[in-house]
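Per-entry structural report
For reference, the chains in residue letters:
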Amino acid sequence: MKKLFLLLLLGLTTSLGFSQTAPEGELFSAACQVGAFDCVIKTEGEMIVENGQRVIIRLSEPRVDVTELGDSGQVLSKRHFSIEQSKLNELQQLVLKNKLWKYNYTQPFEGTRTASPDDHIYVLKYMTGEVPVLAVNYRDTPKDKKVVNAYETVKSFFEQLLQENPAQPEARLIYCSCAETPFGVPDRGKDYYELIADEGKTPKVVKCTNAGLEIQTKTEYPVTDSQVAELQQRLQRMDVSEINGYNQDDQLMGGSMYRVYMEYADGKKINATWQAEKPMRKAEEIYYVILSYLHKLTQ
């Protein structure tokens, strides 16, 4: 992770120094580097267009994104988990109790090198407008021990979060589909692809065009377990759970409704539907990854 990426991610645009003013308002984002892991707490999701207005989705629970980096800065894995709002409030109380706003500290990175486990980073941001943004960024240990203690306080909080929420292996993908349902188009029905990979059965891809009409065509294609695993790995890297529950209907004249749906062996389900002029970008990307991959398996 590059320092610039982390700062842009949290909206940090002003220069940082030592502040003597306690921040006010609600803590709504936080980040910390814990060894090889970059951890970011978010309370807001992707910006979408809703009823003609651009809005930012407020998450029902704070979300922790964890990125594992290799020695050369490459991404080894990504995962996320939700926490109670009370946990974020706990971090805010640590900041206020220990007066961490007094110990902002920055040391420039050399050129564009990527961060390493030797770097020490945390960034906290508050909801209210022009209050201080708290940050500690350094590589070599600063002389002021209070700066080090400020980082260690935040780091310990994130370490506890990681311990309480260990990585879990993802269950096997047993169903995956993408569908397009046009509206107001004569003699055209729903088109869809679906992957069916039930335990103990040979997996298959079903291709259907004009579903529900007399001209419907439906064909099945056997596939392999390794092909199912490859699709699951692609979707896992895209973090498909981010689109679960996404539902946007702009009621476009002559538009199409799109749907992505997945099921896993542990009962987990991912469902997203939209008919929108400007849909969620990640939902579109996942739709076309599934569409192109399942289409390839039918050739």
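Everything numeric in this text was worked out from a predicted model, so none of it was measured.

Cut-offs used in this document
Residues numbered from 1 in each chain as written. Predicted model: local features only at pLDDT ≥ 70, side-chain atom pairs only at ≥ 80, totals over all residues. Heavy atoms only, no water. Helix = DSSP H or I, 4+ residues; strand = E, 2+ residues; numbered from the N terminus. Contact = heavy atoms within 4.5 Å. Areas by Shrake-Rupley, 256 points an atom, 1.4 Å probe, with all protein chains shown as cover. Buried < 20%, exposed > 50% of the residue type's maximum accessible area, 1.4 Å probe, protein only. Pairing = 2+ DSSP bridges. Axes fitted to C-alpha atoms, helices over the stretch in contact; angles between N-to-C directions. Expected span 1.5 Å × (residues − 1). Phe/Tyr/Trp six-rings, centres within 6.5 Å; stacked < 30°, edge-to-face > 60°. Arc of directions from axis to C-beta. Salt bridge = Lys/Arg side-chain N within 4 Å of Asp/Glu carboxyl O.

As for the overall build of the chain
Secondary structure assignment for the chain yields five helices and 14 strands. Contacts in the chain between residues at least 24 apart in sequence constitute 61% of all its contacts with a sequence separation of at least 6. For the chain, the exposed surface amounts to about 16300 Å²; the carbon and sulfur share of it is 49%.

Focus on unusual backbone geometry
With a phi angle near 50°, K99 is a residue other than glycine that sits in the positive phi range. Mapped onto the elements of the fold, K99 is located in the loop between α2 (85–97) and β5 (105–106). In this model, D239 sits at a positive phi of 60°, which is unusual for a non-glycine residue. You can call D239 buried: its relative accessible area is 17%.

What about the sheet that holds strand β9 (residues 190–196)?
Within a sheet, adjacent strands bond to each other through the backbone by hydrogen bonds, running parallel or antiparallel. Read across the sheet, seven strands follow the order β11-β10-β9-β8-β13-β14-β12 without closing on themselves; strand pairing throughout is mixed. The outermost strands of the open sheet, each flanked by one partner alone, are β11 (217–222) and β12 (247–249). On average, adjacent strands in this sheet sit at an angle of 10° to one another, irrespective of strand direction. By the bridge criterion, six bridges tie strand β13 (residues 256–264) to strand β14 (residues 269–275) in an arrangement that is antiparallel. Within β14, the position partnered with R259 by the bridge is T273. Contacting β8 (173–182), β9, β10 (204–211), β11, β13 and β14, helix α5 (residues 281–297) runs over the sheet at an angle of about 105° to β8.

Digging into helix α3 (residues 145–164)
For α3, which comprises 20 residues, the first-to-last C-alpha distance of 28 Å matches the rise-based estimate of 28 Å (1.5 Å per residue) to within 8%. Within α3, the full set of buried residues consists of V147, V148, A150, Y151, V154, K155, F157, F158, L161 and L162.

Quick word on the packing of aromatic side chains
Under the criterion given, the structure shown has seven aromatic pairs. An angle of 80° between the planes, with centres 6.1 Å apart, marks the rings of W274 and Y287 as edge-to-face. Placement of the pair is W274 in strand β14 and Y287 in helix α5, with a sequence separation of 13 residues. Residue class for W274 comes out buried when judged on its relative accessible area of 3%. Each member of the aromatic cluster is reached from another via a ring pair, and the members are Y246, Y258, W274, Y287 and Y288.

Brief notes about α5
An ideal rise of 1.5 Å per residue puts 24 Å on 17 residues; α5 measures up with 25 Å between its terminal C-alpha atoms. Buried residues of α5: K282, A283, I286, Y287, I290, Y293, L294 and L297, and no others. Buried residues of α5, seen end-on, are gathered within an arc of 145° and therefore sit on one face of the element.

Here we look at the pattern of salt bridges
Scanning the model with the defined rule gives 13 salt bridges in all. One salt bridge in this structure joins R234 and E230, with 2.9 Å as the shortest N-O distance. Remark: E230 and R234 occur in helix α4 (residues 225–238); sequence separation between them is four residues, near one turn of the helix. For R234, a relative accessible area of 27% puts it in the partly exposed group. Of the residues examined, E230 reaches a relative accessible area of 33% and is grouped as partly exposed. A single salt-bridge network, built from bridges that share partners, covers K42, R63, D65, D239, E242 and K282.

Some words on the environment of M253
Residue placement: M253 occurs in the loop between β12 and β13. Along the primary structure M253 and G184 are separated by 69 residues, whereas in three dimensions their C-alpha atoms are 7.6 Å apart.

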